[in-house]
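The lines below spell out each chain.
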Amino acid sequence: MKSLTSTRFAILGAALVAISYGLARFAFGLFVPQIRDALELTPYAIGIIGALPLISFLLSTVVAPFITDHLGARNTAVLSGLFGVVGLGLISQASGALMLGSGVFACGICTGLMMPALSAAMQAMVRRSLHGRVSSVMNAGTSIGVIVAVPTVLFMVGAWRLAYLSFAICTAIGVIAAWWFLPSVSRIVPSNAAPPPPLPELPWSRLVRLSLFSFVMGFVSSAYWIFAPDLVVTLGGLPPASTGWLWLAVGIAGLGGAVVADLADRNNPPITHALMLMMLAASLALLAASPAQTPLAAFSALVFGLAYMSLTGLYLMTGIRLLPGRLSVGPVLPFMAVSLGQATGSPVVGGLVNAFGYATAFSMFAALGILVAILSPFYPGHIEQADEDAEAEEDTGLQAAYDQQLQNEEGEPLEDPEEPQESQESQEQEAPAEASADTASEEGPAEHARQSAR
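Residues numbered from 1 in each chain as written. Predicted model: local features only at pLDDT ≥ 70, side-chain atom pairs only at ≥ 80, totals over all residues. Heavy atoms only, no water.

Now for the environment of S339. Assignment of secondary structure puts S339 in helix α13 (residues 333–356). Separated by 288 residues in sequence, S339 and A51 place their C-alpha atoms 9.0 Å apart. Those residues in contact with S339, other than ones at most four positions away along the chain, are R25, L54, F57 and L58. Side chain to side chain, S339 and R25 meet in a polar contact 3.2 Å long. (Helix = DSSP H or I, 4+ residues; strand = E, 2+ residues; numbered from the N terminus. Contact = heavy atoms within 4.5 Å. Polar contact = N/O pair within 3.5 Å; in protein donor to acceptor, adjacent residues only side chain to side chain.)

A separate point is the nonpolar core. Counting residues in each nonpolar core, the largest one holds 108 residues, and the members touching the most others are F9, F31, Y224, W247 and L284. No other element matches the 16 residues that helix α8 (residues 204–234) contributes to this core. Sequence-distant contacts of W247, that is, excluding residues within four places in its chain, are made with F26, A27, G29, L30, V146, V150, Y224, W225, A228 and P229. (Core = buried A, V, L, I, M, F, W, Y, C linked by side-chain atoms within 4.5 Å. Buried < 20%, exposed > 50% of the residue type's maximum accessible area, 1.4 Å probe, protein only.)

In this section: the environment of T5. On the secondary structure map, T5 appears in the segment before α1 (6–26). Along the primary structure T5 and M125 are separated by 120 residues, whereas in three dimensions their C-alpha atoms are 8.0 Å apart. A distance of 3.2 Å separates a polar side-chain atom of T5 from the backbone nitrogen of R8.

Attention now goes to the packing of aromatic side chains. The final tally for this structure, using the stated rule, is 17 aromatic pairs. Plain terms: the ring middles of F219 and F365 are 5.0 Å apart, the flat faces sit at 5° to each other, and that makes the pair stacked. Placement of the pair is F219 in helix α8 and F365 in helix α14 (residues 358–374), with a sequence separation of 146 residues. Each member of the pair, F219 together with F365, is buried. Note that R25 overlies the ring of F57, its terminal NZ or CZ placed 4.8 Å from the centroid. Here the guanidinium or amino end of R74 rests over the ring plane of W179, the centre of that ring lying 5.2 Å away. (Phe/Tyr/Trp six-rings, centres within 6.5 Å; stacked < 30°, edge-to-face > 60°. Lys NZ or Arg CZ within 6 Å of the ring centre and 35° of its normal.)

A few words on helix α9 (residues 243–254). For α9, which comprises twelve residues, the first-to-last C-alpha distance of 17 Å matches the rise-based estimate of 16 Å (1.5 Å per residue) to within 8%. The element α9 is largely enclosed, with a buried count of nine among its twelve residues. Taken residue by residue, α9 has T243, G244, L246, W247, A249, V250, G251, A253 and G254 as its buried positions. (Expected span 1.5 Å × (residues − 1).)

Turning our attention to the state of the cysteines. Summed over the entire model, instances satisfying the criterion amount to zero disulfides. Just so you know, C110 is unpaired, no disulfide at all, and the nearest cysteine sulfur is the one on C107, 6.6 Å from it. Under the relative-accessibility criterion, C110 is labelled buried at 1%. (Disulfide = S-S within 2.5 Å.)

Here the chain averages 81 in pLDDT, while 78% of its residues score no lower than 70. Counting interchain partners and residues more than four positions distant, the pLDDT-below-50 stretch residues 418–454 has 27 contacts. (pLDDT = per-residue confidence, 0-100.)

So, about the side chain of H131. Relative to the elements of secondary structure, H131 occurs in helix α5 (residues 131–139). Residue classification places H131 among the buried positions, given a relative accessible area of 2%. Of the polar contacts made by the side chain of H131, one reaches the backbone oxygen of M122; its length is 3.5 Å.

It is the contact of α1 with helix α4 (residues 97–125), at a shortest axis distance of 9 Å, that shows an interaxial angle of 170°. By the angle between their directions, the pair α1 and α4 is classed as roughly antiparallel. Here α1 and α4 pass one another in a crossing that is left-handed. Here F9, G13, L16, V17, S20, Y21, A24 and R25 of α1 come into contact with α4, specifically with C107, C110, T111, M114, M115, L118, A121, M122 and M125. (Axes fitted to C-alpha atoms, helices over the stretch in contact; angles between N-to-C directions. Parallel < 35°, antiparallel > 145°, perpendicular 65-115°, else oblique. Left-handed = near helix turned anticlockwise from the far one by under 90°.)

A rise of 1.5 Å per residue sets the reference length of helix α12 (residues 294–322), with its 29 residues, at 42 Å; its end C-alpha atoms lie 42 Å apart and thus fit the reference within 8%. Among the 29 residues in α12, 23 count as buried, and that is most of the element.

As a further point, take the packing of α1 against α5. Each pair of packed helices gets described by two things: the angle between the helix axes and the distance between those axes. Two elements in contact, α1 and α5, have axes separated by 7 Å at closest approach and are oriented at 30°. Of the possible angle classes, the one that applies to α1 and α5 is roughly parallel. Our pair here, α1 against α5, has a crossing hand that is right-handed. Contacts between α1 and α5 involve S6, F9, A10, G13, A14 and V17 from the former and V134, V137 and M138 from the latter. Tallied by class, residues from the contact of α1 with α5 come to seven nonpolar, two polar and no charged. (Nonpolar A, V, L, I, M, F, W, Y, C, P; charged D, E, K, R; others polar.)

Next comes the structure, spelled out in structure tokens:
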């Protein structure tokens, strides 16, 4: 294994997320018009197939912590990449619904395993004070992957098989990079970290509300992710290549989602949740109302990308805050709920398209999004403290959520070990041996992981 700085690890993580999320999962909707025509599939069949990677994502996410603990971060990431190579390869050679479904199912496993592997590697290689920044860069990989998929549609019209074959090659390169750079260690928990609260003491009411809001957002967003390109081609009469501009707009706007989510946590999460969910619903309604006008369709994609990535970032922070000490559950619980909603919504919107058409189906999903946005005052915001002060109110944002992820026995955030200060020079000179031993023992989990990996 080659040692990485925090910056290089963040870049590698973003690249692997771009492959596993952007290319293996969210790029599918971009090619639906071409795949549907080539394999003669109905909208309902596309809806069923579009749900398969979400189902496999859920299943693999459930077992990912156990796989990561037994195989380590490196082997789990490699396994994830291999599923991606197989899945993308099957899609490129698909001759019918069965082979296509098998390919997208394998891609869902790739997506479900990658983030837990990267999270374990981050615990080992990156100081806790940088987890928020590194996580933001890695999460941006989803938008980057979506953007990377766009040229294949713009300049390779009708060549979706070649496009997916090129995705498989990119994933194979990612497998090699994961094997070369990621550590083989499992998730590291410092010995002085307090154990997580017992199950009866968890804020179950808040967790249930977070899961329900995440589920509904996933349900509503499934219409756009799976059927938006097909809508502008079928209902709007636009050429298949024009769908690339939709995904380009989604990817570019999605890059700002992390910033909006961070600002939301610093202000009022329920109000921001209502605004973003209203924007997501408006993007569906706008696309259904003007599918033949490329500028308006691209604008709806901008709105959708910003709203979707902002909401997922907000859910991530809330999940981490509500489940301190549970490194394997807090970050993934809301994403499991989102994926369950997408897996449920995909066949539903396909059935509605078959029965009523694209415009009516998208309008129904938009109306549901608006209805749930009205209920956003029930969204679980910050955890109320008995003694709130100005300093506590400033403790917001993604890094603050990661700071609270591990706590000491007094319930305070676990701090990164620090090197001895210059003021301790005299003490260190009096006891050089003890000071050296203390420094070696306080190098922190990142350095310890690097030494173990070597």
